[in-house]
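Structural description and commentary
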Amino acid sequence: MKAKQLFICLTLTAALFAGCKKANSDADPDTGNGTISGAASGVWKKGSTQLIKGDIIIPEGQSLTIEEGVTVLMDTLSKPEIIVRGNLYAQGTAEFPIRFTVAEGARTKEFGRLWGGILAAPSCQELLLDHTIIEYAGATTSDASTSVKQNLYKGVAGENLPALWFANVNGKLVVTNSIFRNLQEDCTYIDGGKIIFSNNKFYTTGVSGGEAINLKSGCVADVAYNLIYSANTNALKLSNSGDRTPQAYVMVYNNTMVNTGWRRPTAKGGSIWVEATVRVEVFNNLFANTRFGIKRDTKKVEDKRSLFGNNLYYGNSQATADQFQPSAEIIAGVNDIIGKTAGLNDPKFVNYPLTTPVNNATFIPAWDFHLQAGSPALGKGKTDIKPHYAVNGLVMNGISYTSPAAASYIGAFGTN
């Protein structure tokens, strides 16, 4: 009996080893192009195309580095998930970004659902997305999903996956110069860590729910210079829910939010939702035609050390302007610019029609949210903000990433 058990064990081990080895050996040695599923680590070469036929798992203690210009093409039949138990470094450039996508002919669903997402387990120590495009993700889990079997994210069938989930309160996450678009629900859902979100764009996301950035307890984060257009629910959900240590403490400054919250079928959607005793500092943000101003959880109000100020609000309609007015739910800050009537505080974007319907989800790349001369957002920013990682940055794969300094203007973009 013992000999038979030993034989079975050795056979299974050999099969597992062979499967892992095969997953990393189907790449052309010259071009780096490959067809991949299973365990993955090492380097995906600059400019290569990686066809992902099944779930990818980066083993604990190992790393996968994706070089500039790589296209990660996800199979829409198997709808793969990328499970990060080790570390993931996606290091693109402005000229040659990395792209997680599907075949062009499959891009028929505006709100994705064509592959899973990037799911970082609590063992993931470092995850970097720099000049990376993530699109058409957010598939719904089933009992057969690897994330369900491994109890990752919410660990049950029937959940719409975020494009990015991270869950290590001691880990580091940097998302910068990247684009999240054409996703079913949440763009990002973060359950702890040291975090920088900077200079990103989020648009055309959320069928019936979902935030651009959703931060929970355990997060110590800087969120700056992001453009968020027409998120289905909130642009940002900042919460201390989850009972993790440390308390969620989020610095939010110099972001531009446009048309967020209107496509939510209930009154839950808005701009920034401040929930469950979270500690926040919210300055220099530009809200254009968003549904509501900064909204608080009246049952579990924000930490008393929270600070708000120097934010600008523009509403093209009276109904929108009315929802910006301070109340028990809507938070007013020091030196905020809040008009009481429609059309006040026109930010004077270089190229964006402020008459665009607020429930429009289609983003036009030619739009330009820089400010023209004479904008009321110029010269009104608070510059003495102290981000968590402005001095001592987060080191990722040997590179130090620091949070940008606050600007003298309000919003993510100054003048051209």
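Below is a summary of the structure that appears in this document. (Residues numbered from 1 in each chain as written. Predicted model: local features only at pLDDT ≥ 70, side-chain atom pairs only at ≥ 80, totals over all residues. Heavy atoms only, no water.)

Along its length, the protein carries three helices and 34 strands. C-alpha extents for the protein along the principal axes are approximately 80 × 40 × 40 Å. Put simply, 69% of the contacts in the protein that link residues at least 6 apart link residues at least 24 apart. Summing over all exposed atoms, the protein offers an accessible surface of approximately 16600 Å²; the carbon and sulfur share of this is 53%. (Helix = DSSP H or I, 4+ residues; strand = E, 2+ residues; numbered from the N terminus. Contact = heavy atoms within 4.5 Å. Areas by Shrake-Rupley, 256 points an atom, 1.4 Å probe, with all protein chains shown as cover.)

Here we come to the packing of aromatic side chains. The final tally for this structure, using the stated rule, is 17 aromatic pairs. Between Phe-349 and Tyr-352 the ring centres are 6.1 Å apart and the planes differ by 75°, which places this aromatic pair in the edge-to-face class. Looking at Phe-349, the relative accessible area reads 5%, which means it is buried. Their ring planes at 80° and their centres at 6.4 Å tell us that Trp-367 and Phe-369 sit as a pair that is edge-to-face. (Phe/Tyr/Trp six-rings, centres within 6.5 Å; stacked < 30°, edge-to-face > 60°. Buried < 20%, exposed > 50% of the residue type's maximum accessible area, 1.4 Å probe, protein only.)

Let's shift gears to the nonpolar core. If you look at soluble globular proteins, the nonpolar side chains tend to sit buried side by side. By size, the foremost hydrophobic cluster in this structure holds 67 residues, and its most contacted members are Ile-118, Leu-127, Phe-180, Phe-197, Leu-215 and Ile-272. Aside from chain neighbours lying at most four places away, what touches Leu-127 is Val-84, Leu-88, Ile-118, Ala-120, Leu-164, Phe-166, Lys-172, Leu-173, Val-174 and Met-396. (Core = buried A, V, L, I, M, F, W, Y, C linked by side-chain atoms within 4.5 Å.)

Considering all chains together, one arrives at nine salt bridges under this definition. In this structure, Glu-126 and Lys-172 form a salt bridge, with 3.1 Å as the shortest nitrogen-oxygen distance. Of this pair, Glu-126 sits in strand E10 (residues 126–130) while Lys-172 is found in strand E13 (residues 172–176), placing the two residues 46 residues apart along the sequence. When its relative accessible area of 15% is taken as the criterion, Glu-126 is described as buried. (Salt bridge = Lys/Arg side-chain N within 4 Å of Asp/Glu carboxyl O.)

The next thing to look at is the sheet that holds E13. In spatial order, the strands read E2-E4-E7-E10-E13-E16-E19-E22-E25-E28; together these ten strands make up an open sheet with parallel pairing. With partners counted over all chains shown, the strands left at the sheet margins are strand E2 (42–44) and strand E28 (307–309), one partner each. The mean inter-strand angle of the sheet, taken between neighbouring strand axes irrespective of direction, is 10°. Both strand E25 (residues 279–283) and E28 contribute to a ladder of three bridges, which runs parallel. Across the sheet, Val-282 pairs through a bridge with Phe-308, a residue of E28. (Pairing = 2+ DSSP bridges. Axes fitted to C-alpha atoms, helices over the stretch in contact; angles between N-to-C directions.)

Relative to the elements of secondary structure, Leu-73 occurs in strand E5 (residues 71–74). Through-space distance from the C-alpha of Leu-73 to that of Gln-50 is 6.0 Å; in sequence the pair is 23 residues apart. For Leu-73, the contacting residues outside a window of four places in its chain are Gln-50, Leu-51, Ile-52, Thr-101, Val-102 and Ala-103.

Quick look at the environment of Ala-40 now. Residue position: Ala-40 is located in the loop between strand E1 (34–39) and E2. For the pair Ala-40 and Ile-56, spaced 16 residues apart in the sequence, the C-alpha separation amounts to 6.4 Å.

Burial of strand E16 (residues 193–198) is extensive: five of the six residues sit out of reach of the surface. Bridging between E13 and E16 involves five bridges; their strand directions are parallel. Bridge pairing links Val-174 to Ile-196 in E16. Looking at chain direction, E16 and strand E19 (residues 219–224) are connected through six bridges and run parallel. Its bridge partner lying in E19, Gly-193 is registered against Cys-219.

Backbone torsion omega between Thr-245 and Pro-246 reads 10°, so that peptide bond is classified as cis. On the secondary structure map, Pro-246 appears in the loop between strand E21 (236–239) and strand E22 (249–253). Positioned with a positive phi, Asn-199 is a non-glycine residue whose angle comes to about 60°. On the secondary structure map, Asn-199 appears in the loop between E16 and strand E17 (201–205). Positive phi, close to 50°, is recorded for Thr-204, a residue that is not glycine.

On to the environment of Leu-64, then. Mapped onto the elements of the fold, Leu-64 is located in strand E4 (residues 63–66). Filtering out sequence-adjacent residues up to four positions away, Leu-64 remains in contact with Ser-41, Gly-42, Val-43, Trp-44, Ile-58, Asn-87, Leu-88 and Tyr-89.

All right, on to the pairing of strand E3 (residues 49–58) then. Two faces belong to every sheet, and in a regular strand the side chains alternate between them. Summarising the sheet, E1 and E3 pair through five bridges and their orientation is parallel. Counted as the bridge partner of Thr-35 is Leu-51 from E3. Bridging between E3 and E5 involves four bridges; their strand directions are parallel. What sits directly across from Thr-49, in E5, is Thr-71. Pairing analysis gives three bridges linking E3 to strand E6 (residues 82–84), with the strands arranged parallel. Bridge pairing links Ile-57 to Ile-83 in E6.

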